[in-house]
Amino acid sequence: MDITHAKLKAWVDENARLCRPDQVYWVDGSEAERARLQKRAVARGFLTPLDQERFPGSYYGRSDRNDVARTEHQTFICSRDKADAGPTNNWLPPQEGYAKSAEILKDSMAGRTMYVVPFSMGPVGSPFSKIGVEITDSLYVVLNMLIMTRAGDKVLKQLGRDGAFTKCLHSRADLNPDRRLILHFPEDDAIVSVGSAYGGNALLGKKCLALRIASWQARQEGWLAEHMLILGVEKDGRTEYVTAAFPSACGKTNLAMLIPPQGLKAKGYKIWTVGDDIAWLRVGPDGRLWACNPEAGFFGVAPGTNSKTNPNAMLTMRRNTIFTNVLLGDDLGVWWEDGEGAPPASGVNWEGKPWRPGLKDVEGKPVLGAHPNSRFTAPAAQCPSISPKWEDPEGVPISAMIFGGRRQRLAPLVFESLDWSHGVYVGASVASERTAAAVGKVGEVRRDPMAMIPFCGYNMGDYFGHWLEMGRRIPKPPKIFHVNWFRKGADGKFLWPGYGENLRVVEWILSRARGEGKAKETPIGRVPTPDALDLTGLSLAPGAVEQLLDVRPEDWTAELQDVRRFFDQFGDRLPAEMRRQLDALSGRLKSKVAA
Ligand code: OXD
Ligand code: MN
């Protein structure tokens, strides 16, 4: 296709002069091209074809062992004013960001091909959508982008001669972990990523564009770009939609694809997946909030995924999937810890080393087959529960928004906020305990407002202000809830079974959103009365429901001190309303303790 967009052509030429590739190749997005590029990736050793009988169209890839996760300490917002990045982001002056990355980019593609990938986040041409163009020297990135986004000629056509696009420049360069930079220039609508080929750092449409850059643009344009799944719940011919934001390791992909539990089967529920990671939300002509999933695929964590925890994910990745950093069996199958069935008798693990079941290191610790952050990249269209509306250019109307974290104590199974502003406070005070899979002290609480700490592209104080402002702009706002699937009893065991059973909580949430459903007022918000949750067919330990719904003012008072400290770092960028919410909650708790 002829490149008629002068600015795009000039930007690609300029970077070709800097990176000096052997050739520049424009990705057209056709199936014939995908097959050609897969072949090339195999020939160059970047991908291994899996057993095509069992895994048709699927491949295995391994990234450098120092390059297996997002690197937040090397991720920067390069706004002109440091205060606009805020205290929760790393900041570099734009000139310094460009200069440092240019040094690494110079001649970095010598001997390689520079691929140019025009892509659309959101269905091509939808009023929700944004176009980006990723320049990359990684075939792995190209093949993943072809799953995760709509890419190729159709996007160039949509861009026309002068359409706006986010400039996304990526080079693996030398994969040196000390010279890795993930830079965002929101005022230039540009991203530069060097030194990494890991998904979240290198598939620039996802976290970089659809969250960090988009959140900045959303504030200016009056919409929301959020780290949320989108789920449709159908019953009696009506489908209602919720969004949900959770920090990592809280089961977002599982909730997005849940299977109704046995006990609720008689009610005839159908669950529809619209998205599992990112939601773009706009006020619709009817005054409701409408949501769209900007992605076209799932980039899911493999370990822990099996046909008990997420049968729909297992079915989604049966074909046309790229598996990264899992165990590659000698039988050309894939396997991961807490996955499906027995491991293969032998294989090569995520580090590229020979592996067999039961293998231990010199200290006697088990050697993992798959990295805890190993992934599957699979087309969303292959998900059995994919919503018929997942590509609707208008999006889907949202009845409720859910925030959640992992808390052994404190937070009840579910509570409803009192109104939009209180809901924003609830989202802003989300925190989650670290799991063994993450670096840091297990059980330590990390504050993660709206699950956006690593992804908000601007000052989070201003972000809370934008959320409050959105409340004024949405004539019929969704209700806001908080859930906690992870509360434990005195015996240290989880009180709630989670997974498909979570539909029982979503059912109550939707009934409240319709103005139905029974609830009890507490200082933190409204919790279900014990009889308000349909627990048909579920056998919980005696007293578990009461414990799950218990709100203990003493615990919340202690929590408030932590929230206050967290808010303090935003100084005068924290909206006064957030302090007012904090003080009001403190007052409600005090009167409860005194009573
Ligand atoms: C992801 C993440 O990969 O949140 O979705 O890290
Ligand atoms: Mn995510």
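Note that the structure is a prediction, hence the values are computed from the model and not measured.

1. Observations concerning the domain arrangement of the protein
Assigned domains within the protein: domain 1 (6–55 + 70–221), domain 2 (226–297 + 388–594) and domain 3 (299–377). Of note, the centres of domain 2 and domain 3, computed from C-alpha atoms alone, are 31 Å apart. Each partner contributes residues to the interface: domain 2 has seven residues there, and domain 3 has six residues. When domain 2 packs against domain 3, close to 650 Å² is buried across both sides, 56% of that on carbon and sulfur atoms. Area buried by domain 2 at its contact with domain 3 is led by Asn254, Met257 and Ile259, which between them contribute 57% of it. Viewed at the interface, domain 3 and domain 2 are joined by zero salt bridges. Inspection of the domain 2/domain 3 interface yields three residue pairs in polar contact (both at pLDDT 80 or more). Looking at the side of domain 2 that touches domain 3 residue by residue, the class counts come to four nonpolar, three polar and no charged.

2. Quick word on the site of ligand 1
All residues adjacent to ligand 1 are Arg70, Lys207, His227, Asp277, Arg375 and Phe455. Within the side chain of Arg70, one N or O atom sits 2.9 Å away from an oxygen atom of ligand 1. Between ligand 1 and Arg375, the relevant distance is 3.0 Å, taken from an oxygen atom to a side-chain nitrogen or oxygen of the residue. In isolation ligand 1 exposes 210 Å². Once the protein is present, 84% of that is buried. Among the residues making up the shell around ligand 1, the classes are represented as one nonpolar, one polar and four charged.

3. Topic: the nonpolar core
Residues Trp280, Phe323, Phe464, Trp467 and Phe567 are the most contacted members of the largest nonpolar core, which totals 153 residues. Look past the residues within four positions of Phe323 in its chain and what remains in contact with it is Leu50, Phe55, Ser58, Tyr59, Tyr60, Gly61, Met317, Val334, Trp336, Arg375 and Phe376. Of all hydrophobic cores here, the second largest spans 28 residues; its members include Val12, Leu169, Ala190 and Val194.

4. Concerning the pattern of salt bridges
Here the structure, examined in full by the defined rule, presents 48 salt bridges. Between Arg54 and Asp51 there is a salt bridge, and its shortest N-O distance comes to 2.9 Å. Residue classification places Asp51 among the partly exposed residues on the basis of a relative accessible area of 21%. Across the pair Asp286 and Arg288 runs a salt bridge whose closest N-O atoms are separated by 2.9 Å. According to the relative accessible area criterion, Arg288 is partly exposed, its value standing at 33%. Overlapping salt bridges, with partners in common, bring together Arg407, Glu433, Arg447, Glu559, Asp562 and Arg565 in one network.

5. Notes on the packing of aromatic side chains
Applying the stated criterion across every chain yields a total of 21 aromatic pairs. Considering the side-chain rings of Phe246 and Trp485, the 6.4 Å spacing of their centres and the 35° angle between planes classify their relative orientation as tilted. Pair noted here: Phe246 is in the loop between β14 (238–245) and α9 (252–256) and Trp485 is in the loop between β29 (479–483) and α13 (503–513), with a separation of 239 residues, a long-range link. The residues Phe246 and Trp485 share a single accessibility class, namely buried. Ring geometry for Phe566 and Phe567: centres 6.4 Å apart, planes at 50°, overall tilted. Residues Phe566 and Phe567 agree in their burial class; the two are buried. If you follow Lys207 out to its NZ or CZ, it ends over the ring of Phe455, 4.3 Å from the centre.

6. Observations concerning the sheet that holds strand β21 (residues 334–335)
The strand order across the open sheet formed by four strands is β21-β20-β22-β23, and the pairing between neighbours is antiparallel. Lying at the two open borders of the sheet, with one neighbouring strand each, are β21 and β23 (354–355). For strand β20 (residues 327–329) and β21, the ladder comprises two bridges, and the chain directions are antiparallel. Bridge pairing in β21 links Leu327 to Trp335.

About the cut-offs
Residues numbered from 1 in each chain as written. Chains lettered and ligands numbered in written order. Predicted model: local features only at pLDDT ≥ 70, side-chain atom pairs only at ≥ 80, totals over all residues. Heavy atoms only, no water. Domains from an automatic or database assignment. Contact = heavy atoms within 4.5 Å. Buried area = accessible area lost by both parts, 1.4 Å probe. Salt bridge = Lys/Arg side-chain N within 4 Å of Asp/Glu carboxyl O. Polar contact = N/O pair within 3.5 Å; in protein donor to acceptor, adjacent residues only side chain to side chain. Nonpolar A, V, L, I, M, F, W, Y, C, P; charged D, E, K, R; others polar. Near = heavy atom within 4 Å. Areas by Shrake-Rupley, 256 points an atom, 1.4 Å probe, with all protein chains shown as cover. Core = buried A, V, L, I, M, F, W, Y, C linked by side-chain atoms within 4.5 Å. Buried < 20%, exposed > 50% of the residue type's maximum accessible area, 1.4 Å probe, protein only. Phe/Tyr/Trp six-rings, centres within 6.5 Å; stacked < 30°, edge-to-face > 60°. Helix = DSSP H or I, 4+ residues; strand = E, 2+ residues; numbered from the N terminus. Lys NZ or Arg CZ within 6 Å of the ring centre and 35° of its normal. Pairing = 2+ DSSP bridges.

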